[in-house]
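Each chain is listed here by its residues.
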Amino acid sequence: MKRFWDPFRGNVRNPGEFVFFYILINLIVISCLVMIARNAAPVTASDLTYSDVIFENCTPNPDDESDLDLSVSGEQMYYEIISYENTLISPELFMESYRKNESFQIGFTTVEKADPPYRILYEINGNDDTVHLTLDTMNAYHTSVTLELYAIFGSLAVILNIIIILSIIIGRHPEWFTPRFASLFFKPGYIKRSARKQKRS
């Protein structure tokens with residue numbers, strides 16, 4: 001039974017710690033990928049709430065200046081345009097309309113779980129039928145961000161598992177590697193001295 005769960009064949013002290021660590025790393029990466037997938041579904045028109053508004057204030061988001069925060073007189077929640085330089089059809093034209101205190105027809109979703117709650121803008125149209133922001137553009141932007149996150153976490157998962165496989169190989173065959181190289185994966189004293197001696201004899 002010992003060899004069944006010990007990937008190091010008895011050559012490493014406390015192998016259970018390493019097995020737990022390997023499992024924990026993969027669970028964290030998988031959890032991140034699942035969270036990304038759950039938030040990757042495109043927003044549809046039926047998900048949006050529509051309203052006519054005049055924005056009172058417009059400032060960059062203090063946490064991410066690529067986003068614009070807008071407020072409406074009498075409303076506690078603020079509105080956000082995500083990555084406005086990439087999503088607005090013409091940021092200059094939108095800002096010109098905003099400065100003129102023009103009314104906009106907007107479509108948005110509400111992020112209730114945030115602190116404080118806020119609203120994400122998916123559609124913005126001007127009174128003269130000028131289109132500033134479209135649902136398709138926002139969904140395309142979210143898709144591109146999702147793919148980037150998949151690439152990052154997927155690459156991270158591959159790198160981490162390569163490191164795990166290398167550590168298992170070193171732990172199973174410590175005689176193949178120098179102590180200095182093995183110390184990159186195991187703290188001093190974790191690989192049993194008897195394991196090296198037995199393998200060499």
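Residues numbered from 1 in each chain as written. Predicted model: local features only at pLDDT ≥ 70, side-chain atom pairs only at ≥ 80, totals over all residues. Heavy atoms only, no water.

A. Focus on the overall build of the protein chain. Along the protein chain, the regular secondary structure elements total seven helices and seven strands. Listing every helix and strand of the protein chain by position from the N terminus yields α-α-β-β-β-β-α-α-β-β-β-α-α-α. The C-alpha radius of gyration of the protein chain comes to 27 Å, more than 25% above the 17 Å expected for a compact globule of 201 residues. For the protein chain, the spread of C-alpha atoms along the principal axes amounts to about 85 × 30 × 25 Å. The long-range share in the protein chain, meaning contacts at least 24 apart out of those at least 6 apart in sequence, stands at 52%. Of the accessible surface of the protein chain, which amounts to about 12,900 Å², a share of 58% is contributed by carbon and sulfur atoms. (Helix = DSSP H or I, 4+ residues; strand = E, 2+ residues; numbered from the N terminus. Rg over C-alpha atoms; globule rule 2.2 N^0.38 Å. Contact = heavy atoms within 4.5 Å. Areas by Shrake-Rupley, 256 points an atom, 1.4 Å probe, with all protein chains shown as cover.)

B. The arrangement of the environment of G74 in detail. Along the chain, the position of G74 falls in the loop between β3 (68–72) and β4 (78–81). Classification of G74 by relative accessible area gives exposed; the value is 83%. For G74 and A182, which are 108 residues apart along the polypeptide, the C-alpha to C-alpha distance reads 64 Å. (Buried < 20%, exposed > 50% of the residue type's maximum accessible area, 1.4 Å probe, protein only.)

C. Unusual backbone geometry, seen in detail. Residue P116 is bonded to the preceding D115 through a cis peptide linkage, with omega at 5 degrees. For N14, which is not glycine, the phi torsion reads 50 degrees and is therefore positive. On the secondary structure map, N14 appears in the loop between α1 (2–5) and α2 (15–38). By relative accessible area, which is 44% here, N14 ends up partly exposed.

D. View of the confidence of the model for the protein chain. In this model, the protein chain carries a mean pLDDT of 88, and residues with pLDDT of at least 70 account for 93%. Looking at the elements of the protein chain, mean pLDDT is at its lowest for α1, recorded as 54, and at its highest for strand β7 (residues 131–133), recorded as 97. (pLDDT = per-residue confidence, 0-100.)

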